[in-house]
Structures are given as structure tokens and as C-alpha cells.
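What the coordinates show
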Amino acid sequence: MAKLIYSMITSLDGYAEAAEGDLGYGAEDEEVHTFIGDVFRPVGTFLYGRRMYETMVFWETAHTEPDAPPYIVQYARDWQAAEKIVYSTTLESMSSARTRIERTFDPDAVRKLKAEADHDLSVDGPNLAAQAIAAGLVDEYHLFMTTSVVGGGKRFFPDGVRLDLELVEERAFDSGLIYARYRTR
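If you're wondering where the values come from, they're calculated on a predicted model, not measured in any experiment.

**Describing the overall build of the protein**
Counting its secondary structure elements, the protein contains five helices and 10 strands. Along the longest, intermediate and shortest principal axes, the C-alpha atoms of the protein span 45 × 40 × 30 Å. Going through the 185 residues of the protein one by one, you find that 45% of them count as buried. Taking the intrachain contacts of the protein between residues at least 6 apart in sequence as the baseline, contacts between residues at least 24 apart amount to 70%. Accessible surface, the protein as shown: approximately 9600 Å² in total, 48% of it carbon and sulfur. Averaging the locations of the 19 positively and 31 negatively charged side chains of the protein gives two centres separated by 6 Å.

As C-alpha cells, then:
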């Protein structure tokens, strides 16, 4: 059975999306990006909400940028090889291969997908992840914490949910970013 992983870059105060501006420094350097690529290379399916998909679809053509460094090209190739499921009531068409639209998030369908998958799945975006967390579907949480406190926005963890997690792995990068991987107990 495959795992469902929820991962995002977050501010130090736990926001996956800042109310104003970006999440701060730490995630954009080569060391961090290469590490993220290595961690998510085995993921076979990405589950996205519309907004997260619209951010990530950049990777469909990132390898064609004339000055794209090898670690960017590698991440783009890995992303292109994975299946993508986009949950949206408004999106009319896809801008990437290996992508399909689902109009609603169905926890039972995701359970079945996990049971039948040969590779792990990743749920990305705080709104969609909140639904997966509430349904008890998330097996691991990967946080990439920047060095900034942003004071508001969309939280990585949804309100009203209690989780008891076990720290499995941690790493600090020269940029100041901290990686922490937890699994559900």
C-alpha cells in the first residue's frame, strides 16, 4: 500500500501560504531544491487543488528554459513522469500531460488509489490537504520551514484537527531552511 504524503514549504510560524508576500528565504537554493527533488522522485501521483496545480504546471515546460540548471531539468522530468489529479469545480482543461480533473475530493477513491498504487502519492495545497487530513488519509507530513515569520495566511495544518506525530527525519540546510518529516502514530 502506498503512502499519502502532505508536504509544503512553510513559514517558521506554520503558514503554507502567506497573507501578504511570499514565505521567505531558504527554499530557492540548489541544495534544497535538489533534496526536494530526491525526496519526491518516487512519488507516482500528485493530488492538487486548482490553485496549486496552476502553480506547479510550470514544471511541464521548465526543462525547455535555455539556462535551466540540471537540478531544475531533473525535477521537471520527474514531475512530468508522475500522474496528476486536479480537484476543481472550475478548471475546464489541463495544461499538462498525465493529468485528469476530478470535480470533488472523494476520500474513498483516494483510499482505493493508495491501496492499488505502486508508488507513493502526494497531496499538495493546504485546502485539499485539510480534506485528506480530516479523512485520516495522510501518512506522512514533510515540512520545509523557511527562516521567516509571516504572521498570517493559510496554515499548513488545518484548525480543529489533533494529530500525534512521530519525527522520523530532520535536516538543516545552509540557507537556514529546516526539513522535518513526521509520520502518523
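**Notes on the pattern of salt bridges**
Under the criterion given, the structure shown has 15 salt bridges. Note that Glu17 is salt-bridged to Arg51, the shortest N-O span being 2.7 Å. Taken together, the residues Glu17 in strand β2 (residues 15-18) and Arg51 in helix α2 (residues 50-56) connect sequence positions 34 residues apart. Glu17 gets classed as partly exposed once you look at its relative accessible area, which sits at 28%.

**Notes on the packing of helix α1 (residues 30-40) against helix α3 (residues 70-81)**
Helix-helix packing is characterised by the crossing angle of the two axes and by the distance between the axes. Running from amino to carboxyl end, α1 crosses α3 at an angle of 25 degrees, the nearest separation of the two axes being 10 Å. Classified by the interaxial angle, the pair formed by α1 and α3 is roughly parallel. The handedness of the crossing between α1 and α3 is left-handed. Counting all contacts with α1, which are made through Glu30, His33, Thr34, Ile36 and Gly37, the residues of α3 involved are Tyr71, Ile72, Tyr75 and Asp78.

**Things to note about the sheet that holds strand β6 (residues 121-124)**
Sheet architecture is open: eight strands sit in the order β5-β4-β3-β6-β1-β7-β10-β9, paired in mixed fashion. Two strands lie at the open edges of the sheet, namely β5 (99-102) and β9 (165-172), each paired on one side alone. The mean angle between the axes of side-by-side strands here comes to 20 degrees, regardless of whether they run parallel or antiparallel. Where β9 lies against strand β10 (residues 178-184), seven bridges are found, and the strand directions are antiparallel. Residue pairing across strands places Glu169 opposite Arg181, the latter belonging to β10. Lying over the sheet, α1 contacts β1 (4-10), β6, β7 (140-145), β9 and β10, oriented at roughly 170 degrees with respect to β7.

**A look at α3**
The first and last C-alpha atoms of α3 sit 17 Å apart over 12 residues, in line with the 16 Å expected at 1.5 Å per residue. Here α3 has its buried residues at Ile72, Tyr75, Ala76, Asp78, Trp79 and Gln80. Buried positions along α3 lie against α1, β3 (45-49), α2 and β4 (83-87).

**Things to note about unusual backbone geometry**
One non-glycine residue, Arg98, lies in the positive phi region at around 55 degrees. Turning to its location among the elements, Arg98 is positioned in the loop between β4 and β5. Residue Arg98 is classed as partly exposed on the basis of its relative accessible area, which comes to 42%.

**Details of the nonpolar core**
Ranked by size, the top nonpolar core spans 49 residues in total, and within it Leu4, Tyr6, Leu47, Trp59, Trp79, Val123 and Val138 carry the most contacts. Excluding anything up to four places from it in sequence, Val123 contacts Leu4, Ile5, Tyr6, Ser7, Leu47, Leu128, Ala129, Ala132 and Val138.

Rules used in this analysis
- Residues numbered from 1 in each chain as written.
- Predicted model: local features only at pLDDT ≥ 70, side-chain atom pairs only at ≥ 80, totals over all residues.
- Heavy atoms only, no water.
- Helix = DSSP H or I, 4+ residues; strand = E, 2+ residues; numbered from the N terminus.
- Buried < 20%, exposed > 50% of the residue type's maximum accessible area, 1.4 Å probe, protein only.
- Contact = heavy atoms within 4.5 Å.
- Areas by Shrake-Rupley, 256 points an atom, 1.4 Å probe, with all protein chains shown as cover.
- Lys, Arg positive; Asp, Glu negative; His and termini not counted.
- Charge placed at Lys NZ, Arg CZ, Asp CG, Glu CD.
- Salt bridge = Lys/Arg side-chain N within 4 Å of Asp/Glu carboxyl O.
- Axes fitted to C-alpha atoms, helices over the stretch in contact; angles between N-to-C directions.
- Parallel < 35°, antiparallel > 145°, perpendicular 65-115°, else oblique.
- Left-handed = near helix turned anticlockwise from the far one by under 90°.
- Pairing = 2+ DSSP bridges.
- Expected span 1.5 Å × (residues − 1).
- Core = buried A, V, L, I, M, F, W, Y, C linked by side-chain atoms within 4.5 Å.

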